Amino acid sequence: MNNFLFFLVIMPPSALDQLSRLNITYPMLFKLTNKNSDRMTHCGVLEFVADEGICYLPHWMMQNLLLEEGGLVQVESVHLMVATYSKFQPQSPDFLDITNPKAVLENALRNFACLTTGDVIAINYNEKIYELRVMETKPDKAVSIIECDMNVDFDAPLGYKEPERRAQNHDEPTEEDGDPSSYADMDTGFRAFTGSGNRLDGKTKGIEPSPAPLAPSDIKRGIPNYDFKVGRITFIRNSRPQPKKNVEDDDAMNRFIAFSGQGQSLRKKGRKP
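Within each chain, residue numbers correspond to sequence positions counted from 1 in written order. It should be noted that, the model being predicted, local features are given only for residues of pLDDT at least 70 and side-chain atom pairs only at 80 or more, the latter also being counted only at that level, while totals for whole chains, interfaces and linings use all residues. Note: side-chain values were computed over all heavy atoms of the structure, leaving out hydrogens and water.

An account of the layout of surface pockets is requested, with residue identities and associated values reported.
Here a cavity denotes a set of grid points, spaced 1 Å apart and computed over the protein atoms alone, in which a 1.4 Å probe fits but from which it cannot get out, and a pocket denotes an open set meeting protein on both sides within 12 Å along at least five of seven lines; residues with an atom within 4 Å of a point are reported as lining. Grid points are joined across faces, edges and corners, and a volume is the space filled by probe spheres set on the points. Counted as a void, the largest pocket has a volume near 420 Å³. Lining the largest pocket are 18 residues, with I54, C55, Y56, G71 and V73 sitting closest to its centre. Here the lining of the largest pocket is composed, by residue class, of twelve nonpolar, four polar and two charged. Of the voids in this model, the second largest pocket is the one considered here, and its volume is about 250 Å³. Taken together, E106, N107, L109, R110, F112, I145, I146, E147, C148, M150 and V152 form the lining of the second largest pocket. In this classification, the charged set is Asp, Glu, Lys and Arg, the nonpolar set is Ala, Val, Leu, Ile, Met, Phe, Trp, Tyr, Cys and Pro, and all remaining amino acids, among them Gly, are polar.

Could you give me a rundown of the nonpolar core, with the residues and numbers involved?
As used in this record, nonpolar core signifies buried Ala, Val, Leu, Ile, Met, Phe, Trp, Tyr and Cys residues forming a set joined through side-chain atoms within 4.5 Å. Whether a residue is buried, partly exposed or exposed follows from its accessible area with a 1.4 Å probe, protein chains only, as a fraction of its type maximum: under 20%, in between, or over 50%, in that order. Ranked by size, the top nonpolar core spans 37 residues in total, and within it L57, F88, L109, L115, I121, I123 and I145 carry the most contacts. Where this core is concerned, the elements lending two or more residues are α1 (13-20), β2 (29-34), β3 (39-47), α2 (59-64), α3 (101-108), β8 (120-125) and β9 (128-138). Excluding anything up to four places from it in sequence, I145 contacts A83, L109, F112, A113, C114, L115 and M150. L8, V78, A113 and C114 belong to the second-largest nonpolar core, a separate cluster that totals seven residues. Under the DSSP-based scheme used, a helix requires at least four consecutive residues in state H or I and a strand at least two consecutive residues in state E, with every element numbered from the N terminus. Should any heavy atoms of two residues lie within 4.5 Å, those residues are considered in contact.

Go over empty space enclosed by the protein, please, and point to the residues and values.
In the structure shown here, the tally under the stated rule is one cavity of 30 Å³ or more. For the largest cavity, the calculated volume is near 40 Å³. Taken together, T41, H42, W60, M61, C114, L115, T116, D119 and I121 form the lining of the largest cavity. The greatest single-element share of the lining of the largest cavity, amounting to three residues, is contributed by strand β7 (residues 114-116). Taken together, the residues of the lining of the largest cavity sort by class into five nonpolar, three polar and one charged.

Outline the side chain of N64, listing residues and values.
Note on placement: N64 falls in helix α2. For N64, a relative accessible area of 6% translates into the label buried. Side-chain polar atoms of N64 contact the backbone nitrogen of V120, separated by 3.1 Å. The contacts of N64, once residues within four sequence positions are left out, are R39, D119 and V120. The term polar contact refers here to a pair of N or O atoms within 3.5 Å; inside protein, the definition further demands a hydrogen-donor-capable atom paired with an acceptor-capable atom, and it admits residues adjacent in sequence only when both atoms are side-chain atoms.

Go over unusual backbone geometry, please, and point to the residues and values.
Residue P27 follows Y26 across a cis peptide bond; omega there is 0 degrees. The peptide bond linking K138 to P139 adopts the cis configuration, its omega dihedral lying at 10 degrees. One can find P139 in the loop between β9 and β10 (142-144). With a phi close to 55 degrees, L66 is a non-glycine residue in the positive phi region. Note on placement: L66 falls in the loop between α2 and β4 (74-78). Even without being glycine, E147 reaches a positive phi, approximately 50 degrees. Looking at where E147 falls in the secondary structure, it is placed in the loop between β10 and β11 (151-154).

Residues and numbers for the environment of P101, please.
Here P101 shows up in helix α3. Residues P101 and F154 lie 53 residues apart in sequence; the distance between their C-alpha atoms is 9.5 Å. Beyond its immediate stretch of four places on either side in the chain, P101 contacts F95 and F154.

Tell me about the pattern of salt bridges, residues and numbers included.
Criterion for a salt bridge: a side-chain nitrogen of Lys or Arg within 4 Å of a carboxyl oxygen of Asp or Glu. Inspection of the entire model under this criterion finds four salt bridges. Of the charged contacts, one joins K128 and D94 as a salt bridge, the two residues approaching to 3.4 Å between their closest N and O atoms. Of this pair, K128 sits in strand β9 while D94 is found in the loop between β6 (85-90) and α3, placing the two residues 34 residues apart along the sequence. For D94, a relative accessible area of 32% translates into the label partly exposed. One salt bridge connects K138 with E136, and the closest N-O pair in it is separated by 3.9 Å. A residue is classified by how much of its surface remains accessible, and E136, at 31% relative accessible area, is partly exposed.

Pulling in residues and values, what's your account of α3?
For α3, the full list of buried residues reads V104, L105 and A108. All buried residues of α3 lie within an arc of 95 degrees about the axis, which places them on one face of the element. Next to the buried residues of α3 lie β6, β8, β9 and β11. By arc we mean the arc of the directions from the helix axis to the C-beta atoms, nothing more.

An account of the sheet that holds strand β1 (residues 9-10) is requested, with residue identities and associated values reported.
Two strands pair if DSSP finds at least two bridges between them. Read across the sheet, four strands follow the order β1-β3-β2-β4 without closing on themselves; strand pairing throughout is mixed. The open sheet has two edge strands, β1 and β4, and neither has a second partner. Sheet topology note: the β2/β4 ladder contains five bridges and is antiparallel. Bridging from a neighbouring strand, F30 pairs with S77 of β4.

Here's what the structure looks like:
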């Protein structure tokens, strides 16, 4: 059956009748062998509804067995150990385009019953088929992955080439470390604020005189404060002291005298009450 979403085989009802009489372990796992090509794989069973003498297999499983439609296949009931580790190799670099390939693979493996080292499995994601080869499985070459805690790892995809990194020669000047003398010959184009300025009154701008250098005698040092105490800041100004005012005159002028103003009468003069 050419359906990549079909991961288990379909067997006839007579197979279930015969298996129920035997002392087998569950879940039912089977070993499929193509004696003509000496290829084998392992699988689980989906249903027992096939016609007698017919077993339906997915297309990718038939490719692993080198089995053509209508060919003979030997089916054996087996017991497989639970998987603890598996390693896969994508068969195309397109698998790296998936945002989270590990999560996609782990979700797809829920539809599988077992894995066999050397098989090429197919998963469907975003309406595209991705093929992965089973490179390694632990603790055995064929393991059961039903309700197990398995670590998943990847090999480099088939045909994948790492991007070549060009070695930088430190002796050759780069664009950042160029010869400064060559900048003058370069056409830099527009440069802002490179013209000469003009006065608004039309006069020629004069040359400002350069300040005269200071002689050592012109430099005056401050007066040290010998009464300096830690925690107190005193500002000493080089200004003339203000003349002292007479404290008594200031007190006399600023002294407040109550009821010293002139009163005003609310009655107009010349009228009697």
